[in-house]
Amino acid sequence: RKLSAILKTHEGVVILAVLTVLLATCFLPWTYYIRCRCRIEPVVRQFSLSPYDGSLEETFVEPGDIVKQGDLLARMNGRELNWELAGVTAETERASKERDTNMAHLKAVDSLMSALEVEKLSAREQLLKYRQSELEIKSPVDGVVLAGSLDQRQNYPVKAGEKLYEIAPLNPLRIDLAIPAAELPHIREGMPVEVRVDGDMTVPLAGIIVRIRPQSEIRDQLNVFIAEVQIQNPDNRLRPGMEGSARISSDRHTLGWNFGHRLW
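Predicted model only: the values in this text are computed from it and were never measured.

Engineer: I'd like a rundown of the overall build of the protein chain, residues and numbers included.
Structural biologist: When you go through the protein chain residue by residue, the secondary structure sums to five helices and 15 strands. For the protein chain, whose C-alpha radius of gyration is 34 Å, the value lies well above the compact-globule estimate of 18 Å for 264 residues. Considered along the principal axes of its C-alpha atoms, the protein chain spans approximately 135 × 35 × 30 Å. Counting across all 264 residues of the protein chain, residues that qualify as buried make up 33%. When contacts within the protein chain are restricted to residue pairs at least 6 apart in sequence, long-range pairs at least 24 apart make up 76% of them. Summed over its atoms, the accessible surface of the protein chain is roughly 16,600 Å², and 57% of this surface lies on carbon and sulfur atoms. Side-chain charges in the protein chain split into 33 positive and 36 negative, and the spacing between the mean points of these groups amounts to 10 Å.

See the structure below:
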């Protein structure tokens, strides 16, 4: 009776109308947005390696530098290489003369042995000349230097195949979205994503999810799945390591589901 009396008043009618509108609004379809943190990473990474055992004479770049393909990164010390090459060249000339002398005196066996030694020394000479042409270590691609454990060191010993510099192209780049595990069922490839980089919130970056990694990771003490978005960076404004926030446009659901499914 009290409720009926309230509903007969003007205030009761307004309250009932408001509740009816709110209830109806809960059934309106609306896009479900998923928000998460993200980080910019390079799509590929290139490594500059030491061509052989030796020492670095000088290095010219450090992490953060922008380089072009073919730019000089470091130079190997070729002093010992030049000495060895001069010695091998002299030995090759001596063996060639010895071969010619044996052939002139019709010493077939000695001539054959001298010819084999000439071939051996010639192969060694070609190897040393190749190493001599590899003294300058150049950038394999356009990009930014991410790491270099030998930054600004001189006469530093290195081993063959040792990683000297890590270089990443700046265009395109990859954005890794850290999606909470509870939101994974609402994510799939092809969904549009809007990204805002920390410190540059004016113009959002737009892209689509191209891949979802099958295995979860622990980031910031949270169990997350990584979704990848590829973007273009023609002006090199973005750099690997930048972080930001992302908004993923998922499927359309009712407003009631959007706001209440987590609580449920």
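Engineer: Just give me the short version of the sheet that holds strand β3 (residues 54–59), but keep the residues and values in it.
Structural biologist: Read across the sheet, four strands follow the order β6-β5-β3-β8 without closing on themselves; strand pairing throughout is antiparallel. A single partner strand is all that each edge strand has here, and the edge strands are β6 (136–138) and β8 (156–158). Recorded for the sheet is a direction-independent mean angle of 40° between the axes of neighbouring strands. Looking at chain direction, β3 and strand β5 (residues 72–76) are connected through three bridges and run antiparallel. Among the inter-strand pairings, T59 is bridged to a residue of β5, identified as A74.

Engineer: Explain the nonpolar core to me, and be specific about the residues and the numbers.
Structural biologist: If you look at the biggest cluster of nonpolar residues, it comprises 22 residues, and the most contacted ones within it are I175, L177, V193, I209 and I248. When contributions to this core are tallied by element, the ones reaching two or more residues are β1 (29–42), β10 (173–180), β11 (192–197), β12 (200–212), β14 (222–231) and β15 (243–254). At five residues, the largest contribution of residues to this core is made by β1. Contact partners of I175, with chain neighbours within four places excluded, come to C38, R39, I40, V195, L205, A227, E228, V229 and I231. Counting residues in each nonpolar core, the second largest holds 19 residues, with A74, M76, Y165 and I167 among its members.

Engineer: Got a sec to walk through the environment of N233? Specific residues and values, please.
Structural biologist: Looking at where N233 falls in the secondary structure, it is placed in the loop between β14 and β15. With relative accessibility at 2%, the residue N233 sits in the buried group. With 219 residues separating them along the chain, N233 and V14 place their C-alpha atoms 54 Å apart. Once you skip the residues sitting within four places of it in the chain, N233 turns out to touch L170, N171, L173 and L238. From its side chain, N233 meets the backbone oxygen of L238 in a polar contact 3.0 Å long.

Engineer: A description of the pairing of β15 should follow, citing residues and the corresponding values.
Structural biologist: With 10 bridges connecting them, β1 and β15 associate as antiparallel partners. Residue pairing for β15: I34 is matched across the bridge by I248. With five bridges joining them, β11 and β15 adopt antiparallel strand pairing. The partner of V197 across the bridge, within β15, is G244.

Engineer: Would you mind going over the pattern of salt bridges in detail, with residue names and values included?
Structural biologist: A side chain of one charge can pair with a side chain of the opposite charge if their charged atoms are brought near each other. Considering all chains together, one arrives at 25 salt bridges under this definition. Among the ionic pairs, D176 bridges to R174, the shortest N-O distance being 2.8 Å. Here D176 matches R174 in class, with each residue buried. Across the salt bridge formed by R188 and D251, the nearest N and O atoms sit 3.0 Å from each other. Residue R188 is found in the loop between β10 and β11, and its partner D251 is found in strand β15; the two are separated by 63 residues along the sequence. Classification of R188 as partly exposed rests on a relative accessible area of 45%. Taken together, the shared-partner salt bridges connect R37, R39, E41, R45, E166, D198 and E243 into one network.

Scoring rules and cut-offs
Residues numbered from 1 in each chain as written. Predicted model: local features only at pLDDT ≥ 70, side-chain atom pairs only at ≥ 80, totals over all residues. Heavy atoms only, no water. Helix = DSSP H or I, 4+ residues; strand = E, 2+ residues; numbered from the N terminus. Rg over C-alpha atoms; globule rule 2.2 N^0.38 Å. Buried < 20%, exposed > 50% of the residue type's maximum accessible area, 1.4 Å probe, protein only. Contact = heavy atoms within 4.5 Å. Areas by Shrake-Rupley, 256 points an atom, 1.4 Å probe, with all protein chains shown as cover. Lys, Arg positive; Asp, Glu negative; His and termini not counted. Charge placed at Lys NZ, Arg CZ, Asp CG, Glu CD. Pairing = 2+ DSSP bridges. Axes fitted to C-alpha atoms, helices over the stretch in contact; angles between N-to-C directions. Core = buried A, V, L, I, M, F, W, Y, C linked by side-chain atoms within 4.5 Å. Polar contact = N/O pair within 3.5 Å; in protein donor to acceptor, adjacent residues only side chain to side chain. Salt bridge = Lys/Arg side-chain N within 4 Å of Asp/Glu carboxyl O.

That is the geometry; function is a separate question.
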